[in-house]
Amino acid sequence: MTQIHSLVITNGYLNFHKPNDNKWMPTLLYNAIIRAYHVHNHKKVLDIFTQMLSNQISPNTHTFPPLLKSSHASVVTPIHGQALKRGILSDPFVLTTLLVVYARNSRLFCAQKVFEEVPHFCIVASNAMINAFSMNGNMEGALKLFRRMCYRDVVSWTTMVNGFVVNGEFYAAIRFFGMMMTHNDVVNCLVKLNEATYVSVLSSCANLEGKAALDFGRQVHGYIVVKGVDLGVFVGTSLINLYGKMGCLNYAVNVFRVMVVREVCTWNAMISSLASNGREKEALDLFEKMKKLQGLKPNSITFVAVLTACSRGGFIREGLKLFGSMSSEFQVVPIMEHYGCVVDLLGRAGHIQEAADIIRNMPFQPDESVLGAFLGACRIHGAIELGEEIGKKMLKLQTQQCGQYLLLSSMNAEKERWDHAADLRKEIVESGIHKVPAFSMVHLT
DNA sequence: TTAGGGTTAG
């Protein structure tokens, strides 16, 4: 990439207008380079754009989409200004990209303002705006716009279903999918469901508990089979995830077997399913197979899955070995989740000191998930002093989840250290953390 | 040459 770039520069194409050249030539070249950097090394895109301007080459409508998508949040507004200055702010491609980028940076109001500038009804911009609302937690706005649209396509419907999923409204997602299936748009074959639609609805089923969600997911699976939809990576992985979460391991294995193309995420879903259904050893075997037979490179999520398998299966040595190999062998830098797994791994087995050492040597501050795993272990194995040290740290974090503090308090109580237990409860109250009252629900049909 | 929706962990 850099070599091609240098070649173009040394040939002088990017620096001046040659008299008889097509005057758009430098713009086209810059656009091509910006697009290529956007894909391969997006941090350099702004530099190239600056260079373009300093060489007095005019950007056009094709310059802005990859430039905006590569840019840091802090430069979106100045680039917006540039587009305005260049008189290309009525272009739907530029406007839609701006809208998407503002929404991605949680600037919903700016996204809405940009959307209002789109001169005519544009299905792509409208769908992008629906997504902007959903990603910023405003499903009401998304629904209002969806209803107002003069026509909708499969992306409009799927974006709505997915919006409910990312906002945790799984029942609403399933209901909306049901509406979609009976709507004229679909019934009259104006809109054909695609992989993304199935993925969104399967994901909402997987996030629910109970037989009803499993049955619905199986119906969707049946529909996919009847319609002769190829089991692509996305749909296949979603099905494995659904069956794995629902405890139907055999179904998950069957889907995994018939899939022709499997990517890392597919293997991750299968490894996780095995790990969470009591087949930890098979999860680790599959991990070996993935590396050796398929030559695939495990990613961050793969390691969460295998470390979970080790933790649940009590494979301490294997787990520590895997954790140690992450950076050195696979260039995967451990993040909070991995530390959580290792602390859980050691803690469950009663290696409290080693778990504490891991926490002390973390390159960043542990969060409540890591400390919580440790505290749980301290409680089970009666390590009161260490538990207190970590518990105090958690109080300093001032999170609003009180479960773990109460756990610490009960630890003291169990050991009949009532004064400590009482002090801790007092500290909890003073730090403004509230206990969420437990509740149960009865579903009336 | 350009814009919109999707899978995997806890």
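Owing to the predicted nature of the structure, the values given are computational and were not obtained by experimental measurement.

Engineer: Explain the environment of Arg317 here, please?
Structural biologist: Assignment of secondary structure puts Arg317 in helix 20 (residues 316-330). On the basis of relative accessibility, which here comes to 73%, the residue Arg317 falls in the exposed class. Sequence spacing of Arg317 and Val191 is 126 residues, and the spatial spacing of their C-alpha atoms is 53 Å.

Engineer: I'm lost on the side chain of Ser70 in this one. Help?
Structural biologist: Within the secondary structure, Ser70 is located in helix 4 (residues 64-70). A distance of 2.8 Å separates a polar atom in the side chain of Ser70 from the backbone oxygen of Pro66.

Engineer: Looking at this structure, how should I read the packing of aromatic side chains?
Structural biologist: The geometry of an aromatic ring pair is captured by two quantities: the separation of the ring centres and the angle between the planes. Taken as a whole and assessed by the stated rule, the structure comprises 14 aromatic pairs. Ring centres of Tyr243 and Tyr251 lie 5.0 Å apart, and the angle between their planes is 25°; on these two criteria the pair is classed as stacked. Here Tyr251 falls in the partly exposed class, since its relative accessible area comes to 35%. For the ring pair Phe303 and Phe330, a centre distance of 5.5 Å and an interplane angle of 55° mean the geometry is tilted. Of this pair, Phe303 sits in helix 19 (residues 300-313) while Phe330 is found in helix 20, placing the two residues 27 residues apart along the sequence. For the pair shown, Phe303 and Phe330 are each scored as buried. One aromatic cluster is present, formed by Phe146, Trp157, Phe164 and Phe176 through successive ring pairs. Stacked on the ring of Phe146, the Lys or Arg Arg152 has its end atom at 4.8 Å from the ring centre. Seen from the ring of Phe256, Arg262 lies directly overhead, with NZ or CZ sitting 4.3 Å from the centre.

Engineer: So what exactly am I meant to see when it comes to the pattern of salt bridges here?
Structural biologist: Pairing between side chains of opposite charge can happen when their charged atoms approach one another. Tallied over the full model, the rule gives eight salt bridges. In this structure, the salt-bridge partner of Asp344 is Arg348, at a minimum N-O distance of 3.0 Å. With a gap of four residues between them, Asp344 and Arg348 both fall in helix 21 (residues 336-348), about one helical turn apart. Judged by its relative accessible area of 47%, Arg348 is partly exposed. Three or more residues are tied together by salt bridges with common partners; here these are Glu288, Lys291 and Lys292.

Engineer: Explain the packing of helix 8 (residues 123-135) against helix 10 (residues 154-166) here, please?
Structural biologist: Between two packed helices, the angle of one axis relative to the other and the distance separating the axes together describe the packing. Relative to each other, helix 8 and helix 10 sit at 5°, their axes nearing to 9 Å. If you check the angle between helix 8 and helix 10, you find them roughly parallel. Of helix 10, the residues touching helix 8 (which contributes Ile123, Asn127, Ile130, Asn131, Ser134 and Met135) are Val155, Ser156, Thr159, Met160, Asn162, Gly163 and Val166. Here the residues of the contact of helix 8 with helix 10 sort into six nonpolar, seven polar and no charged.

Engineer: Looking at this model, I keep getting lost on the environment of Leu99. Mind explaining?
Structural biologist: Along the polypeptide, Leu99 turns up in helix 6 (residues 92-104). According to the relative accessible area criterion, Leu99 is buried, its value standing at 0%. The sequence separation of Leu99 and Phe115 amounts to 16 residues, and the corresponding C-alpha distance is 6.5 Å. Not counting residues within four places of it along the chain, the set of residues in contact with Leu99 comprises Ala111, Val114, Phe115, Ala125, Ala128, Met129 and Ala132.

Engineer: Can you walk me through the packing of helix 14 (residues 211-226) against helix 15 (residues 233-245) in this structure?
Structural biologist: Contact pair helix 14 / helix 15: the axes reach a minimum separation of 11 Å and the direction vectors enclose 155°. Taken together, the axes of helix 14 and helix 15 are roughly antiparallel relative to one another. Handedness of the crossing formed by helix 14 with helix 15: left-handed. Judged by residue contacts, Leu214, Gly217, Arg218, His221 and Ile224 of helix 14 engage Val235, Leu239, Leu242 and Tyr243 from helix 15. Across the contact of helix 14 with helix 15, the residue classes break down as six nonpolar, two polar and one charged.

Engineer: What is the right way to read the layout of surface pockets from this model?
Structural biologist: To find leftover empty space, one rolls a probe the size of a water molecule over the atoms. Approximately 510 Å³ is the volume found for the largest pocket. In this structure, the largest pocket is lined by 22 residues; those nearest its centre are Asn241, Lys245, Asn268, Ala269 and Ser272. Elements supplying a minimum of two residues to the lining of the largest pocket: helix 13 (195-206), helix 15, helix 17 (264-275) and helix 19. Across the lining of the largest pocket, the residue classes break down as eight nonpolar, twelve polar and two charged. There is about 260 Å³ of room inside the second largest pocket. Phe287, Glu288, Glu318, Lys321 and Leu322 are, among the 13 residues lining the second largest pocket, the residues nearest its centre. Looking at the lining of the second largest pocket residue by residue, the classes come out as five nonpolar, one polar and seven charged.

Engineer: What should I look at first to understand the protein's contact with DNA strand B in this one?
Structural biologist: The immediate surroundings of DNA strand B are formed by 44 residues, with Leu28, Arg35, Asn127, Glu195 and Glu337 found nearest. For DNA strand B, the backbone portion of the atoms within 4 Å of the protein, that is sugar and phosphate, comes to 39%. A distance of 3.2 Å separates a base nitrogen of DNA strand B from a polar side-chain atom of Thr96. Here a sugar or linking oxygen of DNA strand B and a side-chain polar atom of Thr159 are 3.2 Å apart. When its residues are assigned to classes, the surface near DNA strand B shows 19 nonpolar, 19 polar and six charged.

Engineer: What is the right way to look at the UniProt feature "repeat: PPR" (unreviewed entry) in chain A in this model?
Structural biologist: Those places that UniProt annotates as "repeat: PPR" (unreviewed entry) correspond, in this numbering, to residues 122-156 and 263-293. With 74% helix and 0% strand, residues 122-156 has its two end C-alpha atoms placed 12 Å apart. End C-alpha atoms of residues 263-293 are separated by 13 Å, and the span's content is 81% helix alongside 0% strand.

The rules behind the values
- Residues numbered from 1 in each chain as written.
- Chains lettered and ligands numbered in written order.
- Predicted model: local features only at pLDDT ≥ 70, side-chain atom pairs only at ≥ 80, totals over all residues.
- Heavy atoms only, no water.
- Helix = DSSP H or I, 4+ residues; strand = E, 2+ residues; numbered from the N terminus.
- Buried < 20%, exposed > 50% of the residue type's maximum accessible area, 1.4 Å probe, protein only.
- Polar contact = N/O pair within 3.5 Å; in protein donor to acceptor, adjacent residues only side chain to side chain.
- Phe/Tyr/Trp six-rings, centres within 6.5 Å; stacked < 30°, edge-to-face > 60°.
- Lys NZ or Arg CZ within 6 Å of the ring centre and 35° of its normal.
- Salt bridge = Lys/Arg side-chain N within 4 Å of Asp/Glu carboxyl O.
- Axes fitted to C-alpha atoms, helices over the stretch in contact; angles between N-to-C directions.
- Parallel < 35°, antiparallel > 145°, perpendicular 65-115°, else oblique.
- Contact = heavy atoms within 4.5 Å.
- Nonpolar A, V, L, I, M, F, W, Y, C, P; charged D, E, K, R; others polar.
- Left-handed = near helix turned anticlockwise from the far one by under 90°.
- 1 Å grid on protein atoms, 1.4 Å probe; cavity = no way out; pocket = protein on both sides within 12 Å on 5 of 7 lines; lining within 4 Å.
- Points joined across faces, edges and corners; volume = space filled by probe spheres on them.
- Near = heavy atom within 4 Å.
- UniProt positions renumbered as here; feature names shortened; annotations may be inferred.

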